[in-house]
Amino acid sequence: DVVVAAEDVTNGKPAPDAYLKALAGLNAKHPDRRIQPGECLVVEDSKHGLLSARAAGMKCVAVTTTYAAEELSAADKVVPVLTAVRVKDLEALFA
């Protein structure tokens, strides 16, 4: 529904601006159901992206395609590939 590119924000990652702008765009499209940052899931593969998601107050699943799991350990969940994420894992993040 919403696409935010690096050139759409003043401050790039690790600042939360891009994620917060995307959330604001979603909320503008769906004013009847305001989404809170803590209800959002970010999928990242970089340390700066992980910091950005955390600064935005969002949950984060990190995929180890760019960095080792140890370097992404601040994520809520770290997986080797996105297909390793299970619905029960996501449910647990938002329980």
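Residues numbered from 1 in each chain as written. Predicted model: local features only at pLDDT ≥ 70, side-chain atom pairs only at ≥ 80, totals over all residues. Heavy atoms only, no water.

Novice: Account for the side chain of N27, naming residues and giving values.
Specialist: Structurally, N27 is set in helix α1 (residues 17-29). Classification of N27 as buried rests on a relative accessible area of 4%. Sequence-distant contacts of N27, defined by excluding residues within four places in its chain, comprise R33, R34 and I35. (Helix = DSSP H or I, 4+ residues; strand = E, 2+ residues; numbered from the N terminus. Buried < 20%, exposed > 50% of the residue type's maximum accessible area, 1.4 Å probe, protein only. Contact = heavy atoms within 4.5 Å.)

Novice: So what's going on with the layout of surface pockets? Which residues, and what values?
Specialist: Roughly 190 Å³ of internal volume is contained in the largest pocket. Residue lining of the largest pocket: V4, K13, A18, Y19, A22, L23, L26, C40, L41, V42 and M58, and that is the complete set. Examining the composition of the lining of the largest pocket, we find that 5 residues originate from one element, α1, more than from any other. A class-by-class count of the residues in the lining of the largest pocket yields 10 nonpolar, no polar and 1 charged. (1 Å grid on protein atoms, 1.4 Å probe; cavity = no way out; pocket = protein on both sides within 12 Å on 5 of 7 lines; lining within 4 Å. Points joined across faces, edges and corners; volume = space filled by probe spheres on them. Nonpolar A, V, L, I, M, F, W, Y, C, P; charged D, E, K, R; others polar.)

Novice: Talk me through unusual backbone geometry; I want residue IDs and the actual numbers.
Specialist: Cis rather than trans, the peptide bond between K13 and P14 has omega equal to 20 degrees. Counting through the fold element by element, P14 comes out in the segment before α1.

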